Every structure is written in C-alpha cells, then in structure tokens.
Amino acid sequence: LVSEFLGQLTLNFGGASEPKFPTVVPAPDFDPEKDAARIETAIKTKGVDEQTIIDILTKRSYSQRRDIAFAYERRAKKDMISALKGALSGSLELVILGLMKSTPQYDASELKSSMKGLGTDEETLIELMCSRSSDELSEIKAVYKEFYKKDLEKDVEGDTSGDFRKLLLALVKTPRQAPSSIVDYELIDQDARALYEAGVKRKGTDVATWITIMSERSVPHLQKVFDRYKSYSPYDMQESIRKEVKGDLEKSFLTLVQCFENKQLYFANRLNDAMKVRFFLLGWVWPV
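Scoring rules and cut-offs
Residues numbered from 1 in each chain as written. Predicted model: local features only at pLDDT ≥ 70, side-chain atom pairs only at ≥ 80, totals over all residues. Heavy atoms only, no water. Salt bridge = Lys/Arg side-chain N within 4 Å of Asp/Glu carboxyl O. Helix = DSSP H or I, 4+ residues; strand = E, 2+ residues; numbered from the N terminus. Buried < 20%, exposed > 50% of the residue type's maximum accessible area, 1.4 Å probe, protein only. Lys, Arg positive; Asp, Glu negative; His and termini not counted. Polar contact = N/O pair within 3.5 Å; in protein donor to acceptor, adjacent residues only side chain to side chain. Contact = heavy atoms within 4.5 Å. Expected span 1.5 Å × (residues − 1).

(A) Geometry of the pattern of salt bridges. For the structure on display, the rule yields 18 salt bridges. A salt bridge links E40 to K44, with the nearest nitrogen and oxygen atoms 3.1 Å apart. Taken as a pair, E40 and K44 lie in helix α2 (residues 32-44) at a separation of 4 residues, close to a single helical turn. In the salt-bridge network here, residues are joined through shared partners; they are E40, K44 and R75.

(B) How the structure looks around the side chain of R65. Topologically, R65 is positioned in helix α4 (residues 62-76). Although R65 is buried, it forms no salt bridge, and the closest oppositely charged side chain is D35 at an N-O distance of 9.6 Å. Reaching out from R65, the side chain makes a polar contact with the backbone oxygen of L99 at a distance of 3.0 Å. Once residues lying within four places of it in the same chain are set aside, the contact partners of R65 are V24, L57, R60, M80, L99 and M100.

(C) View of α2. Along its 13 residues, α2 runs 18 Å from first to last C-alpha, staying within 8% of the 18 Å computed at 1.5 Å per residue. Those residues of α2 not exposed but buried are D35, A36, A37, I39, E40, A42 and I43. Looking at the buried positions of α2, the neighbouring elements they touch are α3 (50-57), α4 and α5 (80-87). You can read the cap of α2 off the contacts: a side-chain oxygen lies 3.1 Å from the backbone nitrogen of E33, and it is on D31.

(D) Highlighting α4. Spanning 15 residues, α4 covers 21 Å between terminal C-alpha atoms, matching the ideal 21 Å at 1.5 Å per step. Those residues of α4 that sit buried are Q64, R65, I68, A69, A71, Y72 and A76. If you follow the buried residues of α4, they end up packed against α2, α3, α5 and α6 (90-99).

Here you go:
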C-alpha cells in the first residue's frame with residue numbers, strides 16, 4: 001500500500017502565481033469533521049481500512065491534517081496519531097505518521113534517530129544536513145532544542161569526527177549568504193580558483209577551504225562558481241570531489257553540490273534509487 005500512497009499524493013505543478021515545483025496543496029471544500037469521522041471508521045473496521053486513510057491523509061496539506069487530528073480527538077476522545085500507530089504497521093505506518101509532522105519536526109526526529117544509541121546513521125545525517133537550506137536548518141535546530149532539550153550542534157559534534165564533523169558543524173552553525181541581485185564576477189572567479197587550488201591542483205586536499213566556500217556562499221553564487229571552475233580544472237566539481245575525498249566526506253560534498261545544482265533532480269534520483277533497492281529485494285526487474 002505504500003505504492004498507493006506515493007501514487008495518490010496530491011501534486012500541483014503551479015501556474016503563474018504558484019510555486020514552480022511540486023507541492024502538496026490544500027484540498028478544496030475541506031471538512032475536518034467529516035474526514036475525522038471517516039478515519040475513525042477506517043481504524044475501527046475489521047482489518048483496518050487502510051485505503052481510506054491513504055485517500056484522506058495524502059490529499060490534505062499539513063495544516064489540514066492537524067485540523068483533522070484535532071477533530072478526531074474531539075470526536076473519539078483519543079489521540080489520532082496514537083490510534084493510527086496502533087492500527088497500522090510497517091512502512092505504511094512510518095509514512096502516515098511522518099505525514100502528521102511538520103517538515104522541521106520530521107527532520108528533527110530523523111536527525112535524533114540517526115544519532116540515537118550505538119552507531120550513527122551517516123546517510124540520514126548527510127541527506128538532511130546537506131540538502132536543507134540555511135533557513136530550514138535554523139527551523140530544525142529550534143524544533144530539535146524544543147523537543148529534545150539539547151542543541152543539535154552538540155549531538156552532531158559528539159557523533160561525528162574529523163573533516164566530516166567540521167563540514168556538518170559549519171552547515172548547521174554558519175548562516176549562508178543571501179542571494180544578491182548583483183553578480184560579483186570577481187568573487188566567482190576567486191572562489192572557483194580557490195576550489196581548484198585547494199584540490200585538484202595540489203597534492204592532498206585543503207578541505208577547510210572547500211568547507212568555507214560551500215557552507216558560506218549563496219546557492220546562485222555557487223552555481224556560477226561551479227560553472228567557472230570548469231575553466232580551471234579538467235574535471236567538473238563532482239568529479240573533483242570523487243578524486244579528492246572519500247567516505248562520508250565525499251558523500252557530503254557530493255550531496256551539497258548536487259543540491260546546489262538541481263535539488264529537485266537530487267531527490268528524484270534518491271527516490272529512484274530507493275525504489276530500485278525495493279524492487280531488487282522483491283526480486284523484480286526495475287524498468288529502465
């Protein structure tokens with residue numbers, strides 16, 4: 001049923017006054033009381049009517065889902081999230097419960113889980129820390145502090161090491177420069193040359209220079225830097241990263257650059273890779 005969930009997410013590709021990227025949009029003629037009643041019935045149905053839960057919650061915005069949860073609590077005298085948790089299981093449970101959180105709440109909870117107990121889930125850390133904007137990371141930090149009574153920076157510092165830790169801490173601590181309507185061609189050339197001289201041009205890599213530029217500069221500026229970089233280096237920025245660093249640091253820099261260049265494509269590739277793994281585990285052939 002997770003495939004049903006993915007297929008039924010309400011997407012909007014925007015008109016003149018809409019965002020220029022897919023987004024879940026509020027349902028028209030929204031009635032939280034009616035939705036709450038349908039979900040209550042679906043949960044009480046023998047075997048659980050999962051399809052109704054999917055139909056409703058994947059076609060409502062986050063604020064509408066919250067209104068449904070409040071209406072459910074008034075109606076059923078119990079918490080809807082707890083009821084959903086008791087009724088669902090597996091991947092569908094994870095997806096539906098995730099939908100009941102705001103984006104900063106979800107990201108904060110995933111970051112906490114990635115650093116909980118023995119070992120660290122570096123892949124989750126990398127995706128969340130390297131794909132979120134400076135403003136988004138500020139929101140995540142505030143929610144993390146509110147929920148867990150700890151600073152995100154301190155948990156990251158305690159669970160990582162080396163240049164990987166330095167990069168993540170720079171991302172979470174350093175406010176990224178805001179985009180400017182004035183294009184600074186001199187700084188673009190200076191940064192492109194600095195990235196080249198700190199990496200491909202020399203023996204060993206001056207990781208600190210890479211971290212400074214990639215954690216501080218605005219995204220439009222960096223896009224121009226990476227284009228200019230190709231006039232100095234025989235490799236593009238992603239190829240240079242693969243040649244210069246390895247392990248979690250390599251994955252982190254690659255995630256940053258891929259998101260700077262085209263964040264929608266980055267997540268499309270992540271989703272495609274995840275589904276390939278799922279098909280492989282089931283013994284199916286993934287269509288090319």
